[in-house]
Amino acid sequence: MKIVIVGAGGRMGAANIRAVTDLDGVVLHGAVDRAGTDAIGKDAGSFAGIDPLGVFISDNIEAALEGADAVIDFTIPAASVALAAQTGARGLVHIIGTTGCSPEQDATIAGAGKAGGRIVKSGNFSMGVTLLANLVRKASAALLTYDIEILEMHHNKKVDAPSGTALLLGEAAAEGRDIKLGDHAVRVRDGHTGAREPGSIGFATLRGGTVVGEHSVIFAGPSERLELAHRAEDRAIFANGAARAALWARDQKPGLYGMDDVLGLTH
Ligand SMILES: NC(=O)C1=CN([C@@H]2O[C@H](COP(=O)(O)OP(=O)(O)OC[C@H]3O[C@@H](n4cnc5c(N)ncnc54)[C@H](OP(=O)(O)O)[C@@H]3O)[C@@H](O)[C@H]2O)C=CC1
Ligand SMILES: O=C(O)C1=N[C@H](C(=O)O)C[C@H](O)C1
C-alpha cells in the first residue's frame, strides 16, 4: 500500500514516516508539508532520524497523490478539510489525526467520506485510549450520579484545547448516559461559577514542557473517586495506530470510520 504522509515536517509527521517505514505491506510514496516550511526538500527518512529513503518532502500535494493509495494526515483543521475533498474525489484512504476541527469542519469531512473517501478520523489513534473510551462509556453508565471531570496535559506547543482525546473521552462518557456532550460540557471555569451543575461533564487543560499526552477521567461520587487514566510516552503509539488504520481502511466501503471500527470494538 502506497502512503503519503501530510504534515511530514511536524512532530507527528516524523513519527508517521518511521511507522510507515517499519510496517510490512506499506511503503512511503510521498511526504508533504506546507509551502515555505523548513522541511521542504529534505529526505523524509533523514528528517525523521532514520536512514535516507529517497523520498523528499515536497509542498506539491497533487503530485504526491498521483499513484497513492492512502494519506496519513496530522496537520491543522483547514488543511485536513481541503485534503478530504481531494482524497474523496480520488477514492483514497484518508487517515485524519488532526484535532481541533469545528462541527462544520467535521461535517465537511464526513461529506468527503460519502463522496468516495475511506476516512478514519480519531482524536487519538493509540490502542490504549481507544480501549479507555470503551471503559469510560461503561463506567459512566454504571455510576450514573457521579460527577465526571476530564483532565488533560500536553506539551507547550499544542494549539487546541480541550484536546481531541479529552473530547473523545467526553463523548464516550455522554454516550454512557445517553446524553449529548454539547448540552452538558463545561469546557472552562473562571471566577464565581456557582456550584457544579449536576450531570455536567467538566474539562480541565494543562500545558507545559514536552508531555506527549496524559488524560484522566475522574468519576467523583459520595466518599469515593474512580479515576481511569492513560499516559502516552512516545508518539509512536499514535503513528502505529494510524498506519494500522490505513491498512484496515483499504478493504472498507467509502465512509467515515473511527478506531473502534479498526479494532473491531463494537458498543
Ligand atoms: N489523533 C491522534 O492520535 C493525534 C493527533 N495529533 C494532532 O495532530 C496534529 C498535528 O500535531 P503535531 O504533529 O504535534 O503538530 P505540528 O505542528 O508539529 O505538525 C503539523 C504539521 O502540519 C504542517 N502543515 C500546516 N498546514 C499544512 C498544509 N496546508 N499542508 C501540509 N502541511 C501543513 C505544519 O507545518 P508548519 O509548522 O510549517 O505550519 C507542521 O509541519 C494536531 O492537531 C494534534 O493535536 C497529535 C498526536 C496524536
Ligand atoms: O497535540 C498533541 O500532541 C496530541 N494531540 C491529540 C489530542 O488532541 O488529543 C492526541 C495526543 O494526546 C497528542
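Fair warning: this is a prediction, and the values are worked out from it, not measured in the lab.

Asker: Where do I start with the overall build of the protein in this structure?
Answerer: Helices and strands together make up the secondary structure of the protein, namely 10 helices and 12 strands. In summary, the protein has a C-alpha radius of gyration of 19 Å against a globular reference of 18 Å for 267 residues, a match within 12%. The 267 residues of the protein split such that 43% are buried. When contacts within the protein are restricted to residue pairs at least 6 apart in sequence, those whose partners lie at least 24 apart make up 71%.

Asker: What am I meant to see in the UniProt feature "domain: Dihydrodipicolinate reductase C-terminal" (unreviewed entry) in the protein here?
Answerer: The positions that UniProt labels "domain: Dihydrodipicolinate reductase C-terminal" (unreviewed entry) are, in the present scheme, residues 128-263. Helix makes up 38% of residues 128-263 and strand 28%. Its end C-alpha atoms lie 11 Å apart.

Asker: When you look at the pairing of strand S7 (residues 147-154) in this model, what are you seeing that I'm missing?
Answerer: Relative to strand S10 (residues 213-221), S7 is paired through 7 bridges, and the arrangement is antiparallel. By the bridge assignment for S10, Leu-151 is matched with Ser-216.

Asker: Help me understand the domain arrangement of the protein, please; the structure alone is not making it clear to me.
Answerer: According to the domain assignment, the protein contains domain 1 (2-121 + 235-263) and domain 2 (127-232). Using only C-alpha atoms to locate each centre, domain 1 and domain 2 end up separated by 28 Å. Facing 8 residues of domain 1, the contacting portion of domain 2 comprises 9 residues. For the side of domain 1 that touches domain 2, the secondary-structure elements that each account for two or more residues are helix H9 (236-249) and helix H10 (259-263). Ranked by residue count, the leading element in the side of domain 1 that touches domain 2 is H10, at 3 residues. When its residues are assigned to classes, the side of domain 1 that touches domain 2 shows 3 nonpolar, 3 polar and 2 charged.

Asker: Before we go on, may I ask you to explain the site of ligand 1 in this structure?
Answerer: What surrounds ligand 1 is a group of 25 residues, the closest being Gly-7, Gly-10, Met-12, Thr-37 and Gly-97. No other element matches the 3 residues that helix H1 (residues 11-22) contributes to the shell around ligand 1. Across the shell around ligand 1, the residue classes tally to 8 nonpolar, 14 polar and 3 charged.

Asker: What should I look at first to understand the UniProt feature "binding site: NADP(+)" (unreviewed entry) in the protein in this one?
Answerer: With numbering matched to this structure, UniProt assigns "binding site: NADP(+)" (unreviewed entry) to Arg-34. Along the chain, Arg-34 turns up in the loop between strand S2 (27-32) and helix H2 (44-47). Looking at Arg-34, the number of C-beta atoms within 10 Å reads 16, which means it is partly exposed.

Asker: Just to check I follow, could you spell out the packing of helix H6 (residues 127-142) against helix H7 (residues 164-176) for this structure?
Answerer: Each packed pair of helices is defined by two parameters, the angle between the axes and the distance between the axes. Two elements in contact, H6 and H7, have axes separated by 7 Å at closest approach and are oriented at 35°. Between H6 and H7 lies a crossing whose hand is right-handed. Residue-level inspection shows Val-129, Leu-132, Ala-133, Val-136, Arg-137, Lys-138, Ser-140 and Ala-141 of H6 in contact with H7, the latter providing Thr-165, Leu-168, Leu-169, Ala-172, Ala-173, Glu-175 and Gly-176. The class makeup of the residues in the contact of H6 with H7 is 9 nonpolar, 3 polar and 3 charged.

Asker: Would you mind going over H7 with me for this structure?
Answerer: Residues three or four positions apart in an α-helix share a direction because the helix packs 3.6 residues into each turn. With 13 residues, H7 ought to run about 18 Å at 1.5 Å a step, and its terminal C-alpha atoms sit 19 Å apart, in line with that. Across the 13 residues that make up H7, a large majority, 11, are buried. All buried positions along H7 are accounted for by Gly-164, Thr-165, Ala-166, Leu-167, Leu-168, Leu-169, Gly-170, Ala-172, Ala-173, Ala-174 and Gly-176. Elements that come into contact with the buried residues of H7 comprise H6, S7, helix H8 (181-184), strand S8 (185-186), strand S9 (201-207) and S10. Of the residues trailing H7, Asp-178 is marked for its positive phi of about 60°.

Asker: Quick question: what am I supposed to make of the pairing of strand S1 (residues 2-6) here?
Answerer: Among the 5 residues that make up S1, 4 are buried, leaving the element largely enclosed by the rest of the structure. In this sheet, S2 lies alongside S1 in parallel orientation, the contact comprising 5 bridges. By the bridge assignment, Lys-2 is partnered in S2 with Val-27. Traced from S1 through H1 to S2, the parallel crossover comes out right-handed. Where S1 and strand S4 (residues 70-73) come together, 4 bridges link them in parallel fashion. By the bridge assignment for S4, Ile-3 is matched with Ala-70.

What counts, and at which threshold
Residues numbered from 1 in each chain as written. Chains lettered and ligands numbered in written order. Predicted model: local features only at pLDDT ≥ 70, side-chain atom pairs only at ≥ 80, totals over all residues. Helix = DSSP H or I, 4+ residues; strand = E, 2+ residues; numbered from the N terminus. Rg over C-alpha atoms; globule rule 2.2 N^0.38 Å. Buried ≥ 20, exposed ≤ 12 C-beta atoms within 10 Å, placed from the backbone. Contact = placed C-beta atoms within 7 Å. UniProt positions renumbered as here; feature names shortened; annotations may be inferred. Pairing = 2+ DSSP bridges. Domains from an automatic or database assignment. Nonpolar A, V, L, I, M, F, W, Y, C, P; charged D, E, K, R; others polar. Near = placed C-beta within 6 Å. Axes fitted to C-alpha atoms, helices over the stretch in contact; angles between N-to-C directions. Left-handed = near helix turned anticlockwise from the far one by under 90°. Expected span 1.5 Å × (residues − 1). Right-handed = clockwise from strand over helix to strand, strands pointing away.

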